[in-house]
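One letter stands for each residue in the lines below.
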Amino acid sequence: MFTSRAALTVALCAGLSSAIPAHAQAQERFGFGREATAHEIEGWNIDARPDGVGLPPGSGTAAQGRDIYNARCVACHAEDLNGPMGALAGGIGSLATEKPLRTVGSYWPYATTLWDYVHRAMPFDAPQSLSADEVYAVSAYVLFRNGIIKEDEAMNADTLARVKMPNRDGFYDDPRPDVFNTACQRDCRQGAKRPVQGPPPGQSDTTGGATGIGGGASPQ
Ligand code: HEC
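Criteria and thresholds
- Residues numbered from 1 in each chain as written.
- Predicted model: local features only at pLDDT ≥ 70, side-chain atom pairs only at ≥ 80, totals over all residues.
- Helix = DSSP H or I, 4+ residues; strand = E, 2+ residues; numbered from the N terminus.
- Buried ≥ 20, exposed ≤ 12 C-beta atoms within 10 Å, placed from the backbone.
- Contact = placed C-beta atoms within 7 Å.
- Axes fitted to C-alpha atoms, helices over the stretch in contact; angles between N-to-C directions.
- Parallel < 35°, antiparallel > 145°, perpendicular 65-115°, else oblique.
- Nonpolar A, V, L, I, M, F, W, Y, C, P; charged D, E, K, R; others polar.
- Core = buried A, V, L, I, M, F, W, Y, C linked by C-beta atoms within 7 Å.
- Near = placed C-beta within 6 Å.
- pLDDT = per-residue confidence, 0-100.
- Arc of directions from axis to C-beta.
- Left-handed = near helix turned anticlockwise from the far one by under 90°.

## Side note on the overall build of the chain
Part 1: Tallying secondary structure elements over the chain gives 10 helices and two strands in all.
Part 2: Helices and strands in the chain line up, N terminus first, as α-α-α-β-α-α-α-α-α-β-α-α.
Part 3: In the chain, which comprises 220 residues, the share counted as buried stands at 22%.
Part 4: For the chain, long-range pairs separated by at least 24 residues make up 54% of all intrachain contacts whose partners lie at least 6 apart in sequence.

Structure (structure tokens):
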């Protein structure tokens, strides 16, 4: 037993040491394709993380962003930033009320996400047409109109990552199980009353049991 396992280990190591890179293998096997160059990857690698990693150099204030907003965003998001295509401002403090208004200001936990989103996807009719400075400026404008920063506060890779969004601490792990597994898990063939999956009898909705939201109602 020991001998054969040792032999296998040796064989595996030998295999690894003579391994050729995966991309070369793919090339050989399929006869097409090549490794993407760093320059090619750069074009796709545009995400900005909550801690600011990925944000490029550049800077802009809300005062500068106002003109950009009025030229490039107002048609869809309206002067009050509450247009039908996406509410960008307001609603702060409304999330736990009967009429929650989810906006960048009331809902989004990180200001860097605003930069990332506007940079990659807005204006909707011409995505990625704004310069880094313009995205910083218009992001600053959206934050300013939410009352989160001052009009003359310059946003850049450093300051944007340090903005504390009102709902930063409003997210939590959802502890709901996605299966109801209170039934027997082992050796249940005899005496098992119901299958492991699915809501308990009398509970028709999938969110009910764990949170109490609408739970316990019997289907009529
Ligand atoms: C042609 C219309 C149009 C223009 C112009 C436009 N947007 Fe949008 N915007 C949209 C639409 C549509 C959505 C929703 C997209 C979706 O949900 O996939 C959206 C969503 C957004 C969101 C996300 C809102 C949310 O809470 O989900 C932000 C932020 C945003 N836009 C910012 C901007 C900024 C800043 C500009 C100007 C630089 C801009 N938009 C220009 C149509 C537009």
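## Looking at the packing of helix α4 (residues 62–72) against helix α8 (residues 132–145)
Part 1: In contact at an axis separation of 7 Å, α4 and α8 are set at 100° when each is read in the N-to-C sense. What the angle tells us is that α4 and α8 run roughly perpendicular. Touching A62, Q64, G65, R66, I68 and Y69 of α4 are E134, A137, V138, A140, Y141 and F144, all from α8.
Part 2: Partitioned by chemical class, the residues of the contact of α4 with α8 number eight nonpolar, two polar and two charged.

## Concerning the nonpolar core
Part 1: Membership of the largest hydrophobic core comes to 31 residues, with the highest contact counts inside it found for L114, W115, V138, A140, Y141 and V142.
Part 2: Mapped by element, the contributors of at least two residues to this core are α4, α7 (111–121) and α8.
Part 3: At nine residues, α8 tops the list of elements feeding residues into this core.
Part 4: Not counting residues up to four positions away in its chain, the partners in contact with W115 are A48, L55, V135, Y136, S139 and L160.

## Some remarks on the site of the ligand
Part 1: Near the ligand there are 18 residues, and of these C73, C76, G86, M122 and F124 occur at the shortest range.
Part 2: Breaking the shell around the ligand down by element, the ones donating at least two residues are α5 (74–77) and α7.
Part 3: A breakdown of the residues in the shell around the ligand according to their chemical character gives 13 nonpolar, three polar and two charged.

## Let's talk about the confidence of the model for the chain
Part 1: Confidence in the prediction for the chain averages 81 pLDDT; 70% of positions are at 70 or higher.
Part 2: Taken together, the stretch residues 1–18 has pLDDT below 50 and engages in zero contacts with residues farther than four places along the chain or on a different chain.

## A look at α7
Part 1: Buried within α7 we find A111, T112, L114, W115, D116, V118 and H119.
Part 2: The secondary structure elements touched by the buried residues of α7 are α6 (104–107), α8 and α9 (157–162).

## Description of α4
Part 1: Within α4, burial applies to A62, Q64, G65, I68, Y69 and R72. Along the axis of α4, the buried positions cluster into a sector of 140°, meaning they face one direction only. More than 90 degrees from the buried face of α4, the exposed residues found are N70 and A71.
Part 2: Considering only its buried residues, α4 is in contact with β1 (59–60), α5 and α8.

## Here we look at unusual backbone geometry
Part 1: For the peptide bond that leads from M122 to P123, omega is -5°, which places it in the cis range.
Part 2: With respect to the secondary-structure elements, P123 resides in the loop between α7 and α8.
Part 3: Backbone geometry places A78, a non-glycine residue, at a positive phi of 70°.
Part 4: Here A78 shows up in the loop between α5 and α6.
Part 5: Backbone geometry at Q128 places phi at a positive 65°, although glycine is not the residue there.
Part 6: Structurally, Q128 is set in the loop between α7 and α8.

## Observations concerning the packing of α7 against α8
When two helices pack together, you describe them by how their axes are tilted relative to each other and by the distance separating the axes.
Part 1: For the pair α7 and α8, the least separation of the axes is 10 Å and the interaxial angle reads 130°. By the angle between their axes, α7 is oblique relative to α8. Every pair of crossing elements has a handedness; the one defined by α7 and α8 is right-handed. Counted together, A111, L114, W115, V118 and H119 of α7 and V135, Y136, V138, S139, V142 and L143 of α8 form the full contact between these two elements.
Part 2: Here the contact of α7 with α8 is built from residues that sort into nine nonpolar, two polar and no charged.

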